[in-house]
Structures are given as structure tokens and as C-alpha cells.
Amino acid sequence: MSDTQSYTDEFKREVVQRANSGAISVNDLARELDISASTIYRWRRTMTDEEAPPPAPEEPADSDVQAAVASKKEKKSKMSKKDKKGDKKDRKKDKKRKKGKGAKKDKKGKKKK
């Protein structure tokens, strides 16, 4: 024999509507109807999922993409060649530091602090 109770869709809808109304808490409603609160939450979740249309994918408008690309190009063109070279040198120094190269050493080959 099965101990599980079967409820009609209409009954489930009414319970979910009462729970959503805010007039009574889900726990109080569950006690009143002698069912588990988790059952009411599950009904609420499944009914909301079934009724709600799937969310539309958000894609940026072409004008937004074009504006972002134009802004990026503008920033690059404003940098002088000297700035670009300086950035390259800084990146190379950072790489050397990370690898442990480029650290100043004394005559014996030990790294200076």
C-alpha cells in the first residue's frame, strides 16, 4: 500500500493562491491542511515555472556594440607611440620580475634587497 496522498491540480492551485496571497504563512497553511510546507513550496515552484514564459535572451543592440567598438578604437588612437612603447616595456619588466629575472645582483651573484 502507498502512503502518499494524491491531490488534484485544482486543489494545488487553490493552495498556492492562498500561500501567495500573504494572508496566511505557508507553515500555517500546511498545518491547517495537514500537508508538508515543502510540498506547498514545490507546488508553488512548479506552477510558477509552468506559467512563466521562458526568459528572452538578452542580446546587445547593434548600436551598443558599435558604440563600444568605436570607443575602444578612439582610446587606442589617442595613445601616442611613446605611451605604447612605455606600456610594452613595463609589461616586459613585470614578466621578468615574476620569473625572478631582472633582479639586481651584487658582485657575488646574490640578489640585492
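### Quick word on the packing of aromatic side chains
Applying the stated rule across the entire model yields 3 aromatic pairs. On the basis of an interplanar angle of 20° and a centroid distance of 5.2 Å, the ring pair of Y7 and F11 is categorised as stacked. Site record: aromatic cluster; members linked through ring pairs are Y7, F11 and W43.

### Notes on unusual backbone geometry
Of note, the phi angle at D34 is positive, near 60°, even though the residue is not glycine. Mapped onto the elements of the fold, D34 is located in the loop between helix 2 (26–33) and helix 3 (37–51). By relative accessible area, which is 69% here, D34 ends up exposed.

### Quick look at helix 2
V26, L29 and A30 are the residues of helix 2 that are buried. Along helix 2, the residues classed as buried sweep out an arc of 100° about the axis, all on the same side. Note on helix 2: the residue one or two positions beyond its end, D34, has a positive phi of about 60°.

### Quick notes on the pattern of salt bridges
Per the stated rule, a full pass over the model turns up 2 salt bridges. With its nearest N and O atoms 3.1 Å apart, the salt bridge here joins E32 to R18. Highlighted residues: E32 in helix 2 and R18 in helix 1 (residues 9–21), separated in sequence by 14 residues. According to the relative accessible area criterion, E32 is partly exposed, its value standing at 48%. The class of R18 is partly exposed, set by a relative accessible area of 36%. A salt bridge links R31 to D28; the nearest nitrogen and oxygen atoms lie 2.7 Å apart.

### As for the nonpolar core
Inside soluble globular proteins, nonpolar side chains tend to come together where they are buried. Ranked by size, the top nonpolar core spans 11 residues in total: V15, V16, A19, V26, L29, A30, I35, A37, I40, W43 and M47. Elements with a contribution of two residues or more to this core: helix 1, helix 2 and helix 3. It is helix 3 that provides the largest number of residues to this core, a total of 4 residues.

### Section: the confidence of the model for the protein
On average, residues of the protein carry a pLDDT of 75, and 55% of them reach 70 or more. The spread of mean pLDDT over the elements of the protein runs between helix 4 (residues 62–78), the lowest at 66, and helix 2, the highest at 94.

### Concerning a positive patch on the surface
On the surface, K88, R91, K92, K95 and K96 cluster together into a patch of positive charge. Relative to the elements of secondary structure, K92 occurs in helix 5 (residues 81–99). For K92, a relative accessible area of 57% corresponds to the exposed category.

Basis of the calculations
- Residues numbered from 1 in each chain as written.
- Predicted model: local features only at pLDDT ≥ 70, side-chain atom pairs only at ≥ 80, totals over all residues.
- Heavy atoms only, no water.
- Phe/Tyr/Trp six-rings, centres within 6.5 Å; stacked < 30°, edge-to-face > 60°.
- Helix = DSSP H or I, 4+ residues; strand = E, 2+ residues; numbered from the N terminus.
- Buried < 20%, exposed > 50% of the residue type's maximum accessible area, 1.4 Å probe, protein only.
- Arc of directions from axis to C-beta.
- Salt bridge = Lys/Arg side-chain N within 4 Å of Asp/Glu carboxyl O.
- Core = buried A, V, L, I, M, F, W, Y, C linked by side-chain atoms within 4.5 Å.
- pLDDT = per-residue confidence, 0-100.
- Patch = residues over 30% accessible without salt bridge, like charges linked within 9 Å, V, L, I, M, F, W, Y side chains within 5 Å.
- Areas by Shrake-Rupley, 256 points an atom, 1.4 Å probe, with all protein chains shown as cover.
- Lys, Arg positive; Asp, Glu negative; His and termini not counted.
- Charge placed at Lys NZ, Arg CZ, Asp CG, Glu CD.

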